[in-house]
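The residues making up each chain are set out below.
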Amino acid sequence: QGLEARHGGRLGLALSTSGRRFAYRPDERFVYCSTFKMYLAAATLLRVQAGEERLDRAIPVTQADMVNHAPVTEPAIGGTLTIEQLMKGTVEVSDNPAANILIRELGGLDALRDFYRGIGDTDTRVDRLEPEMNRLDGDKDTITPVQSVANLHRLLVSSDTPLSAGSKSLLMRWLVDTPTGMGRIKAGVPAGWTVAHKTGTGGYGPVNDIGVLYPPSGDPIVMAVYFHATRESTDAQREAVIADATRIALAALGHA
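Residues numbered from 1 in each chain as written. Predicted model: local features only at pLDDT ≥ 70, side-chain atom pairs only at ≥ 80, totals over all residues. Heavy atoms only, no water.

Caption draft 1: Structural detail: helix 5 (residues 109-118). Restricting attention to buried positions, one finds in helix 5 the residues Leu109, Leu112, Phe115 and Tyr116. Mapping the buried residues of helix 5 onto a view down its axis gives an arc of 110°, with all of them on the same face. What points out from helix 5, more than 90 degrees from its buried face, is the exposed set Asp110, Asp114 and Gly118. Those residues of helix 5 hidden inside the fold are in contact with helix 2 (36-49), helix 4 (96-106) and helix 6 (145-157). Gly120 sits one or two residues past helix 5 and shows a positive phi near 95°. (Buried < 20%, exposed > 50% of the residue type's maximum accessible area, 1.4 Å probe, protein only. Helix = DSSP H or I, 4+ residues; strand = E, 2+ residues; numbered from the N terminus. Arc of directions from axis to C-beta. Contact = heavy atoms within 4.5 Å.)

Caption draft 2: Representation of the packing of aromatic side chains within the structure. Summed over the entire model, instances satisfying the criterion amount to four aromatic pairs. Taken together, Tyr39, Phe115 and Tyr116 form an aromatic cluster joined through their ring pairs. When the ring centre of Phe30 is taken as reference, the NZ or CZ atom of Arg10 above it lies at 4.0 Å. (Phe/Tyr/Trp six-rings, centres within 6.5 Å; stacked < 30°, edge-to-face > 60°. Lys NZ or Arg CZ within 6 Å of the ring centre and 35° of its normal.)

Caption draft 3: Local environment of helix 3 (residues 83-93). Of the residues making up helix 3, those classed as buried are Ile83, Leu86, Met87, Gly89, Thr90, Val91 and Glu92. Structurally, helix 3 contributes buried residues whose contacts are with helix 2, strand 4 (58-60), strand 5 (80-82), helix 4, helix 7 (165-177) and strand 7 (194-201). A positive backbone phi angle near 60° is found at Ser94, which sits one or two residues after helix 3.

Function cannot be read off these values alone, since they describe shape.
In structure tokens form, the structure reads like this:
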């Protein structure tokens, strides 16, 4: 409440660890922006496990695939990228054409929607491709903080995750190695912690970060933070709110 009062906007946060839960606006809907790309990669990895896809399958990349923010796919126009390269680019640097290609190869938006339902998520909306999904339009392409934490826990922490050890290892590597969002959750954790996370940014206010936090000892902490900031705020100010919210939440759990 203090952060919202000082900075404006609307903040949603949920975390869980060792049976303890903490949340603020847990059931309100937030546009998820690129945080969904972690789930898209998980959905693709499940198809690989089922023998319906191959990590090394080469996909042609064309000019027609291009939308804004294409650091991996634009240099590959006229060539190919493997499914693994597309996932890595989608998760680590949020490449938008890579995400759209993966959705297409997955079977379209219906298939991505089915993935969420398959992990017990009956709530998250899947409506549009990149970059349209970032635009506010009612409840389209939205998620709640508490649902996101439940999904993260199921995929990355729970012993009954549908991901194989190999699939989880790949996804975790990309989530830890991503260079995005250094001023968000990563800036709010104590020194020595490892953060496996995926950011999302709307460009007009929404700034998000979701993932799993690993202290040097003790159980992992699953966290999702969604901040719909004011248009007048700067990127640095928006990221700082997520870092501050992370500190507040961790302090509530006894982590200084």
